[in-house]
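These are the residues of each chain, in order.
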Amino acid sequence: MPCIDAIISDAELYGILAQDVDNFLEDLVNENTEDEEAVCAEDQLEQDVENTTEEAPTTDCGLIFSVLFPIIQAVAFFLAVGSDPRDLHVAVVNDEAASSPYGLDICKNESLVTVIRHDDDTCDQYMLSCWFLEEMEKRKLYQVAYNTSEEAKRAVSRRSAYAALHFSANFSDALGARIGDGAIDDRTLDDSAISVWLDTADYQISNFIKLQLHKAYEKFTKRAMIACGRNEDLVQIPVRFMEPVFGSMDSQMVGFMAPGIMITIIFFLPAIVTSTLLISDRLEGVWERSAVAGVRAREMLHVHCALQAAVILLQTLEMMALAYAGYSLPSRGSLLTCGALLFLQGLSGMCYGFLLSVLCSSYTVSFFVATGSFYPMILLCGILWPLEGMSAGLRAVALALPFTVPSRSLRDVMEKGSSILDPGVYHGFLITVAWIVITISLCFLRLKYKKT
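All values derive from a computational prediction rather than experimental measurement.

Caption draft 1: View of the pattern of salt bridges. This model, assessed by the stated rule, comprises 13 salt bridges. Among the ionic pairs, Lys138 bridges to Glu135, the shortest N-O distance being 3.4 Å. Separated by 3 residues within a single helix, Lys138 and Glu135 lie in helix H4 (residues 128–138), roughly one turn from each other. For Lys138, a relative accessible area of 56% puts it in the exposed group.

Rendered as structure tokens:
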């Protein structure tokens, strides 16, 4: 059978070659386009990093807020909160001194003999009220003399004095009979007591005055009993407070509040800053430009997190240096543990602020939510009032807040010397890490499904 050769014309051959060349050129253009898009995305990401760095606070106000504001807040706390009240004036009606030949000036007489001890181990007391007033002034309670109890109480009502005291005319004799005889009439019992009127509308100062008067009475009675050669504990209340298991006998409120205040400062400063960052990016069109270049929103969030973490580290170091070195805040535990907890709390606040920035559509809404959540957290975290005073349901809510348990953990490290392996400490770390994971996960989910 004869062979049949296919004959292809020149036109058909040219068409085939031209089509192959067009396909090759199209593939080459597509590859170049993909490479250009990848390079453009990388360039845009680098540009976003540069823009974010440039948009970081560089003005005077921004520097004060980011760097100096933690110092300002911590200094304000240590200077204004926790110290004992000073310059407290007490209205005193001393009928015992007024009935003496020297009048009220008898307590200023350095040659005054208050206790006379006899050979039969009995004592005569005279002007013991002067001793009590001396002990009272040692505790920064300064007396202002008045003639009657009504005048003293009017001074308290006018806020000229914070309390009023009254000593009866035979205070020393009645007190001596009360201690020595025991079986006395009601009149003598009343005369041996010191009457006190307080302004309990000022809760803190009235409680402070109560405490100082109790301490003054304790020292006063010990002094009187020693002068009579009798056991100084004979007239004390039958409750003996031994050395505390943790802390000291003269602990101050600042030691209790400082851990919680440091936690709240380091949490809410990043939260306020980051609550507007992503809103600013949206309003300025950064998201749209980055999306066109192929940069994803989560990559932009990574950039913000890295920069803010550096700022939080600086704020943590500043606060620790000020608290522990500047104001000698005691810490029996590891400073590294304290610093790690504070830094994680700053990251938690940063993630909380980013979540608000993603969920809120405007600066106004973001600020309302941030400031509105601040006060409930402060009120419920146990800094101002112990959790034991709350109901069971409210206490459960308080324990789930971001810095209720961490505040206790930091206090345990500082006051008790607890390590990170103690349950009271690592529970604070777990709560903090949980808040970081939950809030940043919600941010990523919102960014993933956010249309604009």
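Caption draft 2: Inspection of the side chain of Ser348 at higher detail. In this fold, Ser348 is placed in helix H13 (residues 335–359). Given the relative accessible area of 0%, Ser348 is considered buried. Ser348 has contacts with Phe267, Pro402, Thr432, Trp435 and Ile436, leaving out every residue within four places of it along the chain.

Caption draft 3: Highlighting the packing of helix H16 (residues 404–416) against helix H17 (residues 423–449). Closest axis-to-axis distance for the H16/H17 pair is 8 Å, and the angle between their directions is 145°. For the pair H16 and H17, the crossing hand works out as left-handed. Side by side, H16 and H17 meet where Val405, Pro406, Ser409, Asp412 and Val413 of the first sit next to Gly424, Val425, His427, Gly428, Ile431 and Thr432 of the second. Along the lines of polarity and charge, the residues of the contact of H16 with H17 split into 5 nonpolar, 5 polar and 1 charged.

Caption draft 4: Quick look at the UniProt feature "transmembrane region" (unreviewed entry) in the chain. Here, the residues flagged by UniProt with the feature "transmembrane region" (unreviewed entry) are residues 256–280, 301–327, 333–355, 367–387 and 424–445. With 92% helix and 0% strand, residues 256–280 has end C-alpha atoms that lie 39 Å from one another. Annotated as 96% helix and 0% strand, the span residues 301–327 places its first and last C-alpha atoms 37 Å apart.

Caption draft 5: A look at the layout of surface pockets. Of the pockets and cavities examined, the largest pocket occupies roughly 2,100 Å³. Lining the largest pocket are 47 residues, and of these Lys210, Leu211, Gln212, His214 and Lys215 sit closest to its centre. Those elements giving two or more residues to the lining of the largest pocket turn out to be helix H6 (171–180), strand E6 (195–198), helix H8 (203–227) and helix H9 (253–274). Per element, the largest residue contribution to the lining of the largest pocket is 14 residues, and it comes from H8. Of the voids in this model, the second largest pocket is the one considered here, and its volume is about 500 Å³.

Caption draft 6: Region of the structure containing the packing of aromatic side chains. Within this structure, the stated rule accounts for 14 aromatic pairs. Their ring planes at 65° and their centres at 5.1 Å tell us that Phe77 and Phe78 sit as a pair that is edge-to-face. For Phe78, a relative accessible area of 11% translates into the label buried. An aromatic cluster is built from Phe267, Phe268, Tyr352, Phe374, Tyr375, Phe403 and Trp435, whose rings are joined through pairwise contacts. The ring of Trp131 carries the charged tip of Arg223 above its face, separated from the ring centre by 4.1 Å.

Caption draft 7: Region of the structure containing H17. When the terminal C-alpha atoms of H17 are compared, their 39 Å separation across 27 residues agrees well with the 39 Å that a helix rising 1.5 Å per residue should span. All of the buried residues along H17 are Val425, Gly428, Phe429, Thr432, Ile436, Thr439, Ile440, Cys443 and Leu447.

Caption draft 8: Region of interest: the nonpolar core. Residues Phe78, Tyr324, Leu329, Phe403 and Leu410 are the most contacted members of the largest nonpolar core, which totals 42 residues. Those elements that provide at least two residues to this core are helix H2 (60–80), H9, helix H12 (297–326), H13, helix H14 (363–380), H16 and H17. In this structure Tyr324 touches Met262, Leu329, Ser331, Leu335, Cys338, Leu410 and Met414, once residues within four positions along its chain are discounted. If you look at the next biggest cluster of nonpolar residues, it comprises 24 residues, including Phe132, Leu165, Leu175 and Ile209.

Caption draft 9: Molecular detail of the environment of His214. Relative to the helices and strands, His214 resides in helix H8. For the pair His214 and Met136, spaced 78 residues apart in sequence, the C-alpha separation works out to 9.6 Å.

Caption draft 10: The arrangement of the sheet that holds strand E1 (residues 88–94) in detail. Ordered by their spatial adjacency, 4 strands build an open sheet running E4-E1-E5-E6, and the pairing between neighbours is mixed. Looking along the sheet, the strands with just one partner apiece sit at the ends: strand E4 (141–145) and E6. Between one strand axis and the next, the sheet turns through 25° on average, direction left out of account. The strands touched by helix H5 (residues 149–157) are E1, strand E5 (163–167) and E6; relative to E5, the strand with the most contacts, the crossing angle is about 165°. In this fold H8 packs onto E1, E4, E5 and E6, with an angle of close to 160° to the strand it touches most, E6.

Parameters and conventions
- Residues numbered from 1 in each chain as written.
- Predicted model: local features only at pLDDT ≥ 70, side-chain atom pairs only at ≥ 80, totals over all residues.
- Heavy atoms only, no water.
- Salt bridge = Lys/Arg side-chain N within 4 Å of Asp/Glu carboxyl O.
- Helix = DSSP H or I, 4+ residues; strand = E, 2+ residues; numbered from the N terminus.
- Buried < 20%, exposed > 50% of the residue type's maximum accessible area, 1.4 Å probe, protein only.
- Contact = heavy atoms within 4.5 Å.
- Axes fitted to C-alpha atoms, helices over the stretch in contact; angles between N-to-C directions.
- Left-handed = near helix turned anticlockwise from the far one by under 90°.
- Nonpolar A, V, L, I, M, F, W, Y, C, P; charged D, E, K, R; others polar.
- UniProt positions renumbered as here; feature names shortened; annotations may be inferred.
- 1 Å grid on protein atoms, 1.4 Å probe; cavity = no way out; pocket = protein on both sides within 12 Å on 5 of 7 lines; lining within 4 Å.
- Points joined across faces, edges and corners; volume = space filled by probe spheres on them.
- Phe/Tyr/Trp six-rings, centres within 6.5 Å; stacked < 30°, edge-to-face > 60°.
- Lys NZ or Arg CZ within 6 Å of the ring centre and 35° of its normal.
- Expected span 1.5 Å × (residues − 1).
- Core = buried A, V, L, I, M, F, W, Y, C linked by side-chain atoms within 4.5 Å.
- Pairing = 2+ DSSP bridges.

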